[in-house]
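# Structural overview for review
The primary structure of each chain is shown beneath.
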Amino acid sequence: MDIETKSGILYLCATPIGNLEDITLRTLRILKEADLIAAEDTRHSLKLLNHFGIKTPMTSYHEHNKIEKARYLVEQLKRGLSVALITDAGTPGISDPGEELVRQCYEAGVSLTALPGPAACITALTTSGLETRRFCFEAFLPYDKKERARVLEELRGETRTIVLYEAPHRVRKTLAELEETLGGERRLTVCRELTKRFEERMPLTLEEAVRFYEQNEPKGEFVLVIQGRDHRQLEAEKIRDWESISLEAHLQQYLSQGLSKKEAMKQMAKDRGVSKRDIYQELIDGAESKF
């Protein structure tokens, strides 16, 4: 039996991130046929539903009521009602409270499925001109100062392409923090108002982006797609760090961890980008020079 002919199913319905023509025919059908639509902002979503003549009842489901309201929605699903979940824009569950409802559905054994469609992070990534094979999505950076600093520090060594969301009133601060942490020469593509009338993409360095928005008022919703750290540069820095300590200290560090001398020298060679023979010879030469 096709899953869409059953009752009691949660549908995660992707909606346009800007251009209303980006909605799928399947999503339109499910929004019309569902018993209830759970919307992040009912007033915002009403514009979408009115545009397509959809009269399905709506209820609010947002960050501030996500736990209790998810319980209510799960109860409706268990009664056999079908619920369509939509966010303000894009795919539910990505940087929004949808993940809580999905979790509770799994715990309750309620069926769910996704209706694929727009997602700002993928739209930005695929049009950024940066590497797309490997990427990490960080959504909005944390507001908490310590947590934000921890995440930024983790991104310092990230080799995958980084995708971030940001609001216009915080984008200047975020770009400045990224420049300080990742370096002003790091490339990024600033994506703004994707699929909308004033859609814009700007390939810049972080330094150029900071300077640009010092002179220009940020407007619209932003997605920042940032070049990952170069593997070769990262390895070179690690080697320089190891070269800053003596071979004897390096060896002792591994011996203190319980490695044999043979295993320790093998790891030292890997750390310093040289052969095990070179490590052995330098240790011997160093020992002989003391006498």
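So, how was this worked out
- Residues numbered from 1 in each chain as written.
- Predicted model: local features only at pLDDT ≥ 70, side-chain atom pairs only at ≥ 80, totals over all residues.
- Heavy atoms only, no water.
- Disulfide = S-S within 2.5 Å.
- Helix = DSSP H or I, 4+ residues; strand = E, 2+ residues; numbered from the N terminus.
- Contact = heavy atoms within 4.5 Å.
- 1 Å grid on protein atoms, 1.4 Å probe; cavity = no way out; pocket = protein on both sides within 12 Å on 5 of 7 lines; lining within 4 Å.
- Points joined across faces, edges and corners; volume = space filled by probe spheres on them.
- Nonpolar A, V, L, I, M, F, W, Y, C, P; charged D, E, K, R; others polar.
- Core = buried A, V, L, I, M, F, W, Y, C linked by side-chain atoms within 4.5 Å.
- Buried < 20%, exposed > 50% of the residue type's maximum accessible area, 1.4 Å probe, protein only.
- Polar contact = N/O pair within 3.5 Å; in protein donor to acceptor, adjacent residues only side chain to side chain.
- Pairing = 2+ DSSP bridges.

This structure, assessed with the given rule, holds zero disulfides. Between Cys121, a cysteine without a disulfide, and Cys191, which holds the nearest cysteine sulfur, the sulfur-to-sulfur distance is 11 Å. Looking at Cys136, it has no disulfide partner, and the nearest cysteine sulfur is the one in Cys121, 11 Å off.

Mapping Thr189 onto the fold places it in strand 8 (residues 187–192). For Thr189, the residues in contact, after removing those within four places along its chain, are Ser128, Leu130, Arg201, Met202, Pro203, Val223, Leu224 and Val225.

It is worth spelling out the layout of surface pockets at this point. The volume enclosed by the largest pocket comes to roughly 1,200 Å³. Looking at the largest pocket, it is lined by 44 residues, and the ones nearest its centre are Glu40, Thr87, Asp88, Ala89 and Phe140. The residue makeup of the lining of the largest pocket, split by class, is 21 nonpolar, 10 polar and 13 charged. Quantified by volume, the second largest pocket comes out at close to 340 Å³. Forming the boundary of the second largest pocket are 19 residues, of which Arg186, Gln227, Gly228, Arg229 and Asp230 lie nearest the centre. Elements supplying a minimum of two residues to the lining of the second largest pocket: helix 7 (171–182) and helix 9 (231–243). Tallying contributions element by element places helix 9 first for the lining of the second largest pocket, with three residues.

One finds Leu164, Leu175, Leu178, Leu188, Val190, Leu224 and Ile226 to be the most contacted residues of the largest nonpolar core, which totals 22 residues. Those elements giving two or more residues to this core turn out to be helix 6 (145–156), strand 7 (161–166), helix 7, strand 8, strand 9 (200–205), helix 8 (206–215) and strand 10 (222–226). In this structure, Leu164 is in contact with Glu138, Ala139, Leu141, Leu178, Phe222, Val223, Leu224 and Ile226, ignoring residues within four places of it in sequence. Formed by 16 residues, the second largest nonpolar core is a distinct cluster that contains Ile9, Leu28, Ala34 and Ile86.

The next point concerns unusual backbone geometry. Backbone geometry follows two general trends: most residues other than glycine have a negative phi, and most peptide bonds adopt the trans configuration. Here Ser95, not a glycine, exhibits a phi torsion of approximately 55°, which is positive. Within the element layout of this structure, Ser95 appears in the loop between strand 4 (83–86) and helix 4 (98–108). Owing to a relative accessible area of 37%, Ser95 belongs among the partly exposed residues under this scheme. Its identity is not glycine, yet Ala139 carries a phi of approximately 55°, on the positive side. Looking at the element boundaries, Ala139 is found in strand 6 (residues 135–139).

Following the sequence through the fold, Arg192 ends up in strand 8. Given a relative accessible area of 15%, Arg192 falls into the buried group. Within the local environment of Arg192, its side chain forms a polar contact with the backbone oxygen of Lys219, the two atoms lying 3.0 Å apart. Once residues lying within four places of it in the same chain are set aside, the contact partners of Arg192 are Phe198, Glu199, Glu200, Tyr213, Lys219, Glu221 and Phe222.

Remark: a regular strand shows side chains that alternate across the two faces of the sheet. Taken across its five residues, strand 10 has five buried, putting it largely inside the fold. Here strand 10 shows no split at all, with Phe222, Leu224 and Ile226 on one side and Val223 and Val225 on the other all buried. The sheet contact formed by strand 7 and strand 10 spans five bridges and is antiparallel. Residue pairing in the sheet places Tyr165 in a bridge with Val223 of strand 10. Judged from the five bridges that link them, strand 8 and strand 10 form a sheet pairing that is antiparallel. Bridging across to strand 10, Arg192 finds its partner in Phe222.

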